[in-house]
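# Structural description and commentary
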Protein chains: 2
Amino acid sequence: MTSTPRERKIRFGTAGLLGPAIEDLIHSAPGELADATEDIHPADLAEITEDLEPEDRVVFLNHLATDQAAEVIGDLDPALLKDAVHSLAPSRAAVVLRLMTPDDRADAVGSLDREEAESLLARLSRADREETRRLLAYPDVSAGGLMTPDFVSLRQDETVAGVIERVKGAAPEVETIYALYVVDEAGRLIGTLSLRDLLTASPEASIGEVMRDDFLSASVETDQEEVANLISKYDLLALPVVDAGNRLLGIVTVDDVLDVMVEESTEDVQKMGAVTPLEGGYFQTSFWRVARSRAGWLGILFLGVMFTATVLEFFEETIDGALALVFFLPLIMATGGNSGAQSSTLIIRGIAVGDVEAPDLGRVAIRELFTGLLLGAFLAVIALGRAMWGGQSFGVSMVVALTVVTVVTVGALIGGLLPILIRRVGFDPAVASSPLVTSLIDVVTIVLYFSVARVVLGI
Amino acid sequence: MTSTPRERKIRFGTAGLLGPAIEDLIHSAPGELADATEDIHPADLAEITEDLEPEDRVVFLNHLATDQAAEVIGDLDPALLKDAVHSLAPSRAAVVLRLMTPDDRADAVGSLDREEAESLLARLSRADREETRRLLAYPDVSAGGLMTPDFVSLRQDETVAGVIERVKGAAPEVETIYALYVVDEAGRLIGTLSLRDLLTASPEASIGEVMRDDFLSASVETDQEEVANLISKYDLLALPVVDAGNRLLGIVTVDDVLDVMVEESTEDVQKMGAVTPLEGGYFQTSFWRVARSRAGWLGILFLGVMFTATVLEFFEETIDGALALVFFLPLIMATGGNSGAQSSTLIIRGIAVGDVEAPDLGRVAIRELFTGLLLGAFLAVIALGRAMWGGQSFGVSMVVALTVVTVVTVGALIGGLLPILIRRVGFDPAVASSPLVTSLIDVVTIVLYFSVARVVLGI
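Residues numbered from 1 in each chain as written. Chains lettered and ligands numbered in written order. Predicted model: local features only at pLDDT ≥ 70, side-chain atom pairs only at ≥ 80, totals over all residues. Heavy atoms only, no water.

With the rule as written, the count across this model stands at 30 salt bridges over all chains. In this structure, A:Lys233 and B:Asp44 form a salt bridge, with 2.6 Å as the shortest nitrogen-oxygen distance. Of this pair, A:Lys233 sits in helix α15 (residues 224–233) while B:Asp44 sits in helix α3 (residues 42–51), each in a different chain. Taking relative accessible area as the criterion, A:Lys233 reaches 26% and is therefore assigned partly exposed. Take B:Asp44: its relative accessible area is 0%, and that puts it in the buried class. Residue B:Arg133 pairs with B:Glu118 through a salt bridge whose shortest N-O separation is 2.7 Å. Separated by 15 residues along the polypeptide, B:Arg133 in helix α10 (residues 126–136) and B:Glu118 in helix α9 (residues 114–121) bring together distant segments of the chain. On the basis of relative accessibility, which here comes to 39%, the residue B:Arg133 falls in the partly exposed class. (Salt bridge = Lys/Arg side-chain N within 4 Å of Asp/Glu carboxyl O. Helix = DSSP H or I, 4+ residues; strand = E, 2+ residues; numbered from the N terminus. Buried < 20%, exposed > 50% of the residue type's maximum accessible area, 1.4 Å probe, protein only.)

Here it is, written out as C-alpha cells:
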C-alpha cells in the first residue's frame, strides 16, 4: 500500500510485452537493465522475473536498481524467494534487504537456511535485525506473520491538528496513513481512527474525544484465513494485531489479505484435485517436486481403490452368472461418485463461508436424503430405458435401476455428512474432497450393486 | 468503505450470540428490534438475517431502523436480495433504497422483476432514478456493474490546500476519499492522486503539478475477475472506470473486489464438483433449486458415462475369456481419472493466476508426458504385485500393469492439455474440470484396457 510519489512515470501491465526485450538485455548488456526497467511497475517486474530461466534470474536481480530489486523480491512468488535472496551478492543483499518493508524483509530472511539468515542479519542495523527477528517468531500463516510494524500510533492527549501534521511527516515511512491507532502509556491499543475521521474532526479536539473505542483486533496467533474473513466482512483497510496483553504490535493491511485469499483458494482447489498444494506456480515448481507431490496422493488413492478388486473377487460367482452386470459397473460407480462429489463440494464450501455448521448435521442429512432419492429416481428411469433398450433382461435392468437410486442417495449422504464429521473432530473439512470421497463411494457402490443383484437375481 | 463517525458504540462478531435473542424478539416484541439492533454491525445483522426463516426475515427487515436496513440489505447474500427488497412495504422500500449506496441500490432494484422495479424507481428522486438506471445498464460481472459513481473528482487548476478543504466536506458523501481523480472539462480522466500524495504536497501547488498521470483504469465492460486481478496485483485501494471516450464514470474499491474474489473462488470450486454455481449459500437456496442445479450436471455426466456400457458390450468376448480383468476395472478407471484430475487442477489454476498461457501447450505436453510415465510406472509396480500375489495369471497381471502406465500417462496428457485447448477456443478452462475429464478418461481407459488385453492375451 506504500505509494511514495515518484518523479518517473510508471508503465503498468507491460510484463508480457517487455519480457523478451529484457531477456535480450540480460544476455547482451546487463549493465543497461537498471535504466531499462526504471519505469516499469515492480509487480510487472516480479512477473517477468518469475518467467525467466533460473540463471537469467540471477543476472536480472543483481542488475536492477536496489530499490526496484527490494520491491520486486517483496512481490515474488514465495516458492522463488529463497533462490532470489540467495542469488544476490552478500553486500547487495544487505542493501536490498534494508530497502524492503519489514514484513517482506522477514519473509525474505525467513526463506533462507539458518546459517545464511544469520550472516545476512548480521549485516543489518541493530534495529532492523531485532525487528526482523521478532517478526520471524510468528508462523507464516498467522496475523503475526502477515503484519507490518510500520503504523502510525497516537496518544489520547494529542490534538487533531497536531496529529494531522505528524501524519503528513510519517506518510513516506509507514505502510498506511489511512488507519491510525491510539495506544496508552504501556502501548496497549485503546482506540482507532481513520484518516477520514481525523480530517472531518474539529482541529482543536483531542484524539481521545474523536477516536473510536469500538474496534476489532486480531491476536498474533490468529489464523490468516480468519484475518482475511474479518477484513472482508467488515470492509476494513487494516486490522490491528495485539499480543496477549493487548499491546499493539503491528497491522495487517487489505492488500496482504488479497494475496492470502488467492493463496487459500488455490490450496482448496488443489486439495479437491488430489494434489498436495504447490507453494509456487506450475512452471516455477520443479518437475520432481510436482511429481513427488502428485505421487503421494495418487498412491494413497490407488491403494484405497485397490480394495475394489478384492470386493469384485468376492462377487465372482454373481459376475459369472450375469456378465451383463459388468457393462453397467463403470456407469454406476461414476454416478455414485459424482453425486458424492456434488454434495461434498456444496457442504465444504458452506462450512468455509460459515453457512453450514457442525450442529446442522441433521438438517443436512434430511436434505441430502431427499435430494439423493429425487436425483436417483430421475437417473434410474434413464438407466432402465438404456438397459431394456440395449437388450438386457428385465432382471438385470431392474438391478441397474434400483442400484442407481441407492448409490446416488448413499453418495449424497456420505458426501454431505463426511465434511461435517471431519470438521467436528477438528480437521479441515476439505479433506473430504472429491477423490477421497469417490474412492470410498467406489467400494460402497460395488458392494451395493452386487448385493442388489444377488437378491433380485438370486445368484 | 464508508465509515461515517457514529455516536453509538458498535459491537462486532455478535451474530452467532445474538441470533437466538433476535428470533425471540421477532416473535414476541418486534417493535423493540430497532433499539435492540442499534449497536450491532450491519455485517453481523446481515449474517443474522440470512440465518432466519423466510417469514421471520420479513418481520426483521421491516422493523430495523431504516439506515440499518439499508446497510443490511446491501450486505446480504445476492440470492436473498430479491425476497428481501420484495418483503419491504412499498413506502419503506423507497426510504431504505434512498439510504443505500448507489451500487447497492442498483443491485437491489436489479434483483426485482421489471414491473416491480419500475414502480420502485418511480418513488425515487429523479437524480437517484437516473443514476440507478445507468448503473443497471451494465452487466453484474463487469467493472460497470461493480462501480460506484460516488467519488471525488478534481480539476487540474485547483490548489492542494483548496482540495484538502473540499475533500473534508465530501467525506460523508463519497465511497472513499483516499483515492482522488482529476478530470478535464469534458469529464475525461487525466490523472489520479492519493490522499497521501495530497497531504504531503505543498499547499500552494496546483493539482495538475502533483497529480500522477501514470495510472490504470478499467473500461465499463472489463470483467470483474480482471478488475480483481489488477487491484490485487498493483495493491490499489480503488480502480477508476471509464467509458470508450475515457470519461470517468465511477470507481471500484478494494472491498468490492474482496467480495468478488470470494464469489469467483466459490464458482471455480463448484464447477470442479459438478455443481452449477449456486448464487446463495447452501441453506439459503431452496431444496428445489439445489436439486435442479445438481440434476443438470449429474444427468449430463450420466449420459456421458453411459457410453462405457456400449464399449464394454463391444468387448464382451474378451471379458468372458478373462473374467479376472473385471476385478481390476474400477482400479484402472479411478487411477486414470485421478491422474487427469491432478493435471487439470494444476493447469486450470495455472491459467487462472496467469502462470500457464496458451503458447505453453508444448511445454505442458512434454512435462505431463514424463510425469505420467513416471507416476504410471510407480503405480504399475504396485498393481503387478497385487495381481500376482492375488493369484492372477502372469498374462492378466501384465495387462493390468501395462494398462496402468498407459492410462496414467494418457490421463495426465488429457487433463493437462484440455484446459489449454478449451481456453484457446475462448471458453473458461474450468470447464475441463474433474468430473468431465474423468468421464472422458473413463471411456478412453476402458478401450485401452481391453485393447491391451486383446493384444497380450490374444482374446
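Next comes the rest of the write-up.
Put simply, the second copy of the chain is the first one after a rotation about an axis and a shift along it. Each copy of the sequence occupies a distinct position, and chain A is placed on chain B by a rotation of 180 degrees and an axial shift of 0.1 Å, giving an RMSD of 0.3 Å. In the structure described here, the two chain copies are related by an operation that fits a two-fold rotation axis. Of all interface residues in chain A, 100% are interface residues in chain B too; the two copies therefore contact each other through one and the same surface. (Least-squares fit on C-alpha atoms with pLDDT ≥ 70 in both. Contact = heavy atoms within 4.5 Å.)

Across the chain, the bulk of peptide bonds are trans and the bulk of non-glycine residues have phi less than zero. Even without glycine at this site, A:Asn246 takes up a positive phi of about 65 degrees. Along the polypeptide, A:Asn246 turns up in the loop between β5 (238–242) and β6 (248–253). Even without being a glycine, B:Asp235 presents a positive backbone phi close to 50 degrees. For B:Asp235, a relative accessible area of 27% corresponds to the partly exposed category.

Taken together, the contact pairs 124 residues of chain A with 125 residues of chain B. Carbon and sulfur atoms supply 67% of the area that chain A and chain B bury against each other, a total of about 11,600 Å² over both sides. Taken together, the connections running from chain A to chain B amount to 8 salt bridges. At the boundary of chain A and chain B, one finds 30 residue pairs in polar contact (both at pLDDT 80 or more). Here the element with the most residues in the side of chain A that touches chain B is helix α17 (residues 287–314) of chain A; it accounts for 19 residues. (Buried area = accessible area lost by both parts, 1.4 Å probe. Polar contact = N/O pair within 3.5 Å; in protein donor to acceptor, adjacent residues only side chain to side chain.)

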